[in-house]
Amino acid sequence: MKAKKVLFINQEITPYVPESELSILGRQVPQLVQEKGYEIRTFMPKWGTINERRGQLHEVIRLSRMMLIIDDTDHPLIIKVASIPQTRIQVYFIDNDDYFTKRQMEVDEQGEEYPDNGERAVFFARGVLETVKKLRWAPDIIHCQGWMSGVIPLYIKTAYHDEPSFANTKVITSLFSKELHNDFGENFKKCVEYREATLDLLEKYNEKFGFIELGKLAIDYSDGIINAGNEVNPELLKYASDKNLPIMPFKDGLTGDDYSDFYDIIYGNE
């Protein structure tokens, strides 16, 4: 069986943020896959550093204004959209004043990591999945790129597994070299808890829940892993290998055929 629809959940996409290993692949991979004939949807956070006028972002009223409860607090979800110049790729942006609009990316103006980065990732994950439901679009593959999407695999296999949009979805996680250095704070696990994504599922992970633990969580609930960086953390690569998951090895210049073949392996692995 071949996958036909791919949902990309990206942390960074150029030209909306500066070029990096993450942002370049955030743009290139969806384009390569689209050119292979797949129907795609692409999401990323609306980081506060993004120039909305230059990027021609506009709010999608029919998808916005839902309230998401994170750690017992209501947070309004704002959805914006734009098209990447000279491509046929439309990007949906997850926005919220507290988590994104008034902030930079993972670090503040002094270069310090935001203490609630984990909470921001939870809001992003929930926002993406709720929006896809509203779009009434059922992806065959969800391809996660970047730590901001690290909670997605857990949610797909637990909290959202009965949703028609995700009932037959397979999840692929790309691992990158970029890492965070601080943990996500004492309330992170409580923030993650939602429906069947219960606290007992998180007991196996360290109480100091940081980048490595988030990577392990993503791997545990993914159907396939892509080594997408020159210097991906070896602990995470070994963790994925020990689970006997299909892994696409790192190489420069991956093609649309490479991704298409890997998608077929994962989606056909029923």
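Residues numbered from 1 in each chain as written. Predicted model: local features only at pLDDT ≥ 70, side-chain atom pairs only at ≥ 80, totals over all residues. Heavy atoms only, no water.

**A word on the pairing of strand β4 (residues 66-70)**
A regular strand carries its side chains on alternate faces of the sheet.
Thought 1: Only one face of β4 is buried, namely the one carrying Met66, Leu68 and Ile70, since none of Met67 and Ile69 on the opposite face is buried.
Thought 2: By the bridge criterion, 5 bridges tie β4 to strand β5 (residues 73-83) in an arrangement that is antiparallel. Each residue of the ladder has a partner; that of Ile69, found in β5, is Asp74.
Thought 3: Linking β4 back to β5 in an antiparallel pair, the connection comprises 2 residues, with Asp71 at a positive phi of about 55°. (Buried < 20%, exposed > 50% of the residue type's maximum accessible area, 1.4 Å probe, protein only. Helix = DSSP H or I, 4+ residues; strand = E, 2+ residues; numbered from the N terminus. Pairing = 2+ DSSP bridges.)

**Considerations on the nonpolar core**
Thought 1: Ranked by internal contacts, the top residues of the largest apolar core, which has 95 residues, are Tyr16, Val33, Met44, Ile94, Tyr155 and Tyr263.
Thought 2: The element contributing the most residues to this core is helix α4 (residues 117-135), with 9 residues. (Core = buried A, V, L, I, M, F, W, Y, C linked by side-chain atoms within 4.5 Å.)

**Examining the pattern of salt bridges**
Thought 1: Scanning the model with the defined rule gives 23 salt bridges in all.
Thought 2: A salt bridge links Asp71 to Lys190; the shortest N-O distance between them is 3.4 Å. Of this pair, Asp71 sits in the loop between β4 and β5 while Lys190 sits in helix α6 (residues 188-192), and the two are 119 residues apart along the sequence.
Thought 3: On the accessibility criterion, Lys190 (39% relative accessible area) is partly exposed.
Thought 4: Ionic pairing is found between Lys238 and Asp242, a salt bridge with its closest N-O pair at 2.8 Å. Taken as a pair, Lys238 and Asp242 lie in helix α8 (residues 234-242) at a separation of 4 residues, close to a single helical turn.
Thought 5: Residue classification places Lys238 among the exposed positions, given a relative accessible area of 52%. (Salt bridge = Lys/Arg side-chain N within 4 Å of Asp/Glu carboxyl O.)

**Remarks on the pairing of β5**
Thought 1: Bridging between strand β3 (residues 58-59) and β5 involves 2 bridges; their strand directions are antiparallel. Residue pairing across strands places Glu59 opposite Lys80, the latter belonging to β5.
Thought 2: The sheet contact formed by β5 and strand β6 (residues 90-95) spans 6 bridges and is antiparallel. Within β6, the position partnered with Ile78 by the bridge is Asp95.
Thought 3: In sequence, β5 turns back onto β6 through a hairpin of 6 residues, with Gln86 there showing a positive phi of about 65°.

**Comments concerning the environment of Lys46**
Thought 1: Inspection of the secondary structure assignment puts Lys46 in the loop between β2 (39-45) and α2 (52-55).
Thought 2: Once the C-alpha coordinates of Lys46 and Leu135 are considered, the two residues, 89 residues apart in sequence, prove to be 19 Å apart.
Thought 3: Excluding residues within four positions of it along the chain, Lys46 makes contact with Glu52, Leu57, Lys80, Phe93, Ile94, Asp95, Phe100 and Thr101.
Thought 4: Separated by 3.4 Å, the side chains of Lys46 and Glu52 make a polar contact. (Contact = heavy atoms within 4.5 Å. Polar contact = N/O pair within 3.5 Å; in protein donor to acceptor, adjacent residues only side chain to side chain.)

**Focus on the packing of aromatic side chains**
Thought 1: Here the structure, examined in full by the defined rule, presents 15 aromatic pairs.
Thought 2: With centroids separated by 5.1 Å and ring planes inclined at 45°, the aromatic side chains of Tyr99 and Phe123 adopt a geometry described as tilted. Here Tyr99, found in helix α3 (residues 97-101), pairs with Phe123, found in helix α4; they are 24 residues apart in sequence, far enough to count as distant. You'll find Tyr99 and Phe123 in the same group, each marked buried.
Thought 3: Centre to centre, the rings of Phe100 and Phe123 are 6.4 Å apart; their planes meet at 50°, and the pair counts as tilted. In this pair, Phe100 is assigned in helix α3 and Phe123 in helix α4, connecting sequence segments 23 residues apart. (Phe/Tyr/Trp six-rings, centres within 6.5 Å; stacked < 30°, edge-to-face > 60°.)

**A few points about the packing of helix α7 (residues 211-220) against α8**
Thought 1: Contact pair α7 / α8: the axes reach a minimum separation of 10 Å and the direction vectors enclose 20°. Comparing the axis directions of α7 and α8 gives the class roughly parallel. Regarding α7 and α8, the two cross each other, and that crossing is right-handed. Contacts between α7 and α8 pair Phe211, Ile212, Gly215, Lys216, Ile219 and Asp220 from the former with Glu235, Leu236, Tyr239 and Ala240 from the latter.
Thought 2: The residue makeup of the contact of α7 with α8, split by class, is 6 nonpolar, 1 polar and 3 charged. (Axes fitted to C-alpha atoms, helices over the stretch in contact; angles between N-to-C directions. Parallel < 35°, antiparallel > 145°, perpendicular 65-115°, else oblique. Left-handed = near helix turned anticlockwise from the far one by under 90°. Nonpolar A, V, L, I, M, F, W, Y, C, P; charged D, E, K, R; others polar.)

**Considering the packing of helix α1 (residues 21-35) against helix α9 (residues 256-267)**
Thought 1: Relative orientation of the contacting elements α1 and α9 amounts to 75°, with a least axis distance of 8 Å. Considering the angle they form, α1 stands roughly perpendicular to α9. On α9, the residues touching Val29, Leu32 and Val33 of α1 are Gly256, Tyr259 and Tyr263.

**With respect to the environment of Phe100**
Thought 1: In this structure Phe100 comes out as buried when scored by relative accessible area, which is 0%.
Thought 2: For the pair Phe100 and Thr49, spaced 51 residues apart in sequence, the C-alpha to C-alpha distance is 8.9 Å.

The values reported here are purely geometric and, on their own, carry no functional implication.
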